[in-house]
Amino acid sequence: MSIKNVVLGAVVLGSVVGGGIAVDTVTAPEASAACYGSVTWTKGKNNSCGNGARHWNAIRNAPSKYGKWVGRGAISQQTACWANAVSYGMTAR
């Protein structure tokens, strides 16, 4: 399953649960999509992104929340379980 399918599924789920769709303006380049994985609502692992990767949550009616930039093999994690989170994903630099 590609990361696009995971993010698309999260947006669809978020729109069903939250009643709207949030679009995050930061997206990973297509070539970088395979360098991270194990993405959940609260964290994601940088498998091989050389310049770093970070986890994000899109929040309804609020700015998105971001985990710390992490290097290869590390996990980017949210500092809290955010209310009104409608989608999530990873971004590579």
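Shown above is the structure to which this text applies.
Residues numbered from 1 in each chain as written. Predicted model: local features only at pLDDT ≥ 70, side-chain atom pairs only at ≥ 80, totals over all residues. Heavy atoms only, no water.

Caption draft 1: Local environment of the sheet that holds strand β6 (residues 85-92). Across the sheet, 3 strands lie side by side as β4-β3-β6; this open sheet has antiparallel pairing. The open sheet has two edge strands with one neighbour each: β4 (65-66) and β6. As defined by bridge partners, strand β3 (residues 53-59) adjoins β6 across 7 bridges and the pair is classed as antiparallel. Each bridged residue has a counterpart across the sheet, and for Arg54 the counterpart in β6 is Thr91. (Pairing = 2+ DSSP bridges. Helix = DSSP H or I, 4+ residues; strand = E, 2+ residues; numbered from the N terminus.)

Caption draft 2: Region of interest: the sheet that holds strand β2 (residues 43-46). Taken together, 3 strands build an open sheet; the order of strands is β1-β2-β5 and the sheet is antiparallel. The open sheet terminates on both sides in strands that have one partner only, identified here as β1 (36-37) and β5 (75-77).

Caption draft 3: Focus on the state of the cysteines. Counted under the stated rule, the structure contains 1 disulfide. With a sulfur-sulfur separation of 1.8 Å, Cys35 is cross-linked through a disulfide to Cys49. Residues Cys35 and Cys49 are joined through a disulfide that is right-handed, its torsion about the S-S bond being 85°. Residue Cys35 is located in the loop between α1 (3-18) and β1, and its partner Cys49 is located in the loop between β2 and β3; the two are separated by 14 residues in the primary sequence. Judged by relative accessible area, which is 10%, Cys35 ranks as buried. (Disulfide = S-S within 2.5 Å. Buried < 20%, exposed > 50% of the residue type's maximum accessible area, 1.4 Å probe, protein only.)

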